[in-house]
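What the coordinates show
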Amino acid sequence: MEKTENKSLSLTDSALARINNVMSTNEDLGTRFRVYVTGGGCSGFQYGFKFDDLDKDEDHILKFDNELSILLDELSYPYIAGSVVDYKEDLMGAKFTVENPNAKSTCGCGASFSI
């Protein structure tokens, strides 16, 4: 699994290709990709992903080689720092996944975690 790294977050080639593909074919989605954490899910926290044009004052803006910017809000940053974001397609569907070194446990589907 090849990945593009920033000190705070890494993207696999699959995730990078998917983000770039979606952004290039849907210009109205926004110019940045936001990765965030919210409360909920079966393990306590859950990951969220969305395309965004806005960066807020508290956002960390992570630049990648191909001019892609990932946004991490101040509250999500400590929970996600050091993670690897991947994109997978299989019989269960297509989704972004996070390999998070900060997670103590995850749910069976990998969409939520606990610290």
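First, a word on what this report is: a plain description of the structure on this page. (Residues numbered from 1 in each chain as written. Predicted model: local features only at pLDDT ≥ 70, side-chain atom pairs only at ≥ 80, totals over all residues. Heavy atoms only, no water.)

Quick look at the side chain of Arg-34 now. Relative to the assigned elements, Arg-34 resides in strand S3 (residues 32–39). Here Asp-59 takes part through its side chain, which lies 2.9 Å from a polar atom of the side chain of Arg-34. Once you skip the residues sitting within four places of it in the chain, Arg-34 turns out to touch Gly-48, Phe-49, Lys-50, Asp-52, Leu-54, Asp-55, Lys-56, Asp-59, Leu-71 and Asp-73. (Helix = DSSP H or I, 4+ residues; strand = E, 2+ residues; numbered from the N terminus. Polar contact = N/O pair within 3.5 Å; in protein donor to acceptor, adjacent residues only side chain to side chain. Contact = heavy atoms within 4.5 Å.)

Here we take up helix H1 (residues 13–25). With 13 residues, H1 ought to run about 18 Å at 1.5 Å a step, and its terminal C-alpha atoms sit 18 Å apart, in line with that. Buried residues of H1: Ala-15, Leu-16, Ile-19, Val-22 and Met-23, and no others. Across the axial projection of H1, the buried residues extend over an arc of 140°, all falling on one side. In this structure, H1 carries Ser-24 and Thr-25 as exposed residues pointing more than 90 degrees from its buried face. (Expected span 1.5 Å × (residues − 1). Buried < 20%, exposed > 50% of the residue type's maximum accessible area, 1.4 Å probe, protein only. Arc of directions from axis to C-beta.)

This paragraph deals with the environment of Tyr-36. For Tyr-36, the location among the structural elements is in strand S3. Residue contacts for Tyr-36: discarding those within four places in its chain leaves Gln-46, Tyr-47, Gly-48, Phe-49, Lys-50, Asp-73, Ser-76 and Ile-80.

Two aromatic rings are characterised by how far apart their centres lie and by the angle between their planes. The full count for this structure, using the stated rule, is 6 aromatic pairs. On the numbers, 6.1 Å between centres and 15° between planes, the contact of Phe-33 with Phe-49 is stacked. Of this pair, Phe-33 sits in strand S3 while Phe-49 sits in strand S4 (residues 45–52), and the two are 16 residues apart along the sequence. Relative to Phe-96, the ring of Phe-49 lies with its centre 5.4 Å away and its plane at 35°, an arrangement referred to as tilted. On the criterion of sequence distance, the pair formed by Phe-49 in strand S4 and Phe-96 in strand S8 (residues 93–99) is long-range, its members being 47 residues apart. Overall, the relative accessible area of 19% leaves Phe-96 in the buried class. One aromatic cluster is present, formed by Phe-33, Phe-49, Phe-51, Tyr-87 and Phe-96 through successive ring pairs. (Phe/Tyr/Trp six-rings, centres within 6.5 Å; stacked < 30°, edge-to-face > 60°.)

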